[in-house]
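Single-letter residue listing:
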Amino acid sequence: MSIGFGIFLMAVGAIVAWAVPALWQVDGANWSLIGYILLGAGALVTLIGIVMAARSGRTSQVSRTAVDPETGTRVERTERRDDLI
């Protein structure tokens, strides 16, 4: 979701930076600066989203449940593997 929001922010920033100043002038508002800030924020959100998606894809968890035949007790075993480079 954050990748899509970042792309949305970049699109809005590009429109505000390059289209709005030619169409609409407001005293005290620098549309180009606002657009570039939105472009930068969108790029940062997109980059964070890509990093978070890459990190979550490397974790795997396996749970196994068995019954010990000698004692009749239930044994649960959970293995978690984080492949961090």
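All values derive from a computational prediction rather than experimental measurement.

A. Region of the structure containing the overall build of the protein. Helix and strand content of the protein: 3 helices and 2 strands. Listed N to C, the secondary structure of the protein is α-α-α-β-β in terms of helices and strands. Relative to its 85 residues, the protein shows a buried fraction of 13%. Contacts spanning at least 24 positions in sequence make up 40% of the contacts within the protein whose residues lie at least 6 apart.

B. Fine view of the packing of aromatic side chains. Applying the stated rule across the entire model yields 2 aromatic pairs. Considering the side-chain rings of F5 and F8, the 6.4 Å spacing of their centres and the 25 degrees angle between planes classify their relative orientation as stacked. Placement of both F5 and F8 in helix 1 (residues 2–18) is noted, with a separation of 3 residues, approximately one turn of the helix. Ring centres of W18 and Y36 lie 6.2 Å apart, and the angle between their planes is 80 degrees; on these two criteria the pair is classed as edge-to-face. A residue pair is termed long-range when its members are at least 10 positions apart, and W18 in helix 1 and Y36 in helix 3 (residues 31–56) qualify at 18 residues.

C. Quick peek at the pattern of salt bridges. Under the defined criterion, the tally for this structure stands at 1 salt bridge. In this structure, the salt-bridge partner of E76 is R74, at a minimum N-O distance of 3.5 Å. For E76, a relative accessible area of 57% corresponds to the exposed category. Classification of R74 as exposed rests on a relative accessible area of 60%.

D. Examining helix 3 more closely. Its 26 residues place the ends of helix 3 37 Å apart at the C-alpha level, agreeing with the 38 Å of an ideal helix rising 1.5 Å per residue. Where helix 3 is buried, its residues meet helix 1 and helix 2 (20–23).

Definitions and cut-offs
Residues numbered from 1 in each chain as written. Predicted model: local features only at pLDDT ≥ 70, side-chain atom pairs only at ≥ 80, totals over all residues. Heavy atoms only, no water. Helix = DSSP H or I, 4+ residues; strand = E, 2+ residues; numbered from the N terminus. Buried < 20%, exposed > 50% of the residue type's maximum accessible area, 1.4 Å probe, protein only. Contact = heavy atoms within 4.5 Å. Phe/Tyr/Trp six-rings, centres within 6.5 Å; stacked < 30°, edge-to-face > 60°. Salt bridge = Lys/Arg side-chain N within 4 Å of Asp/Glu carboxyl O. Expected span 1.5 Å × (residues − 1).

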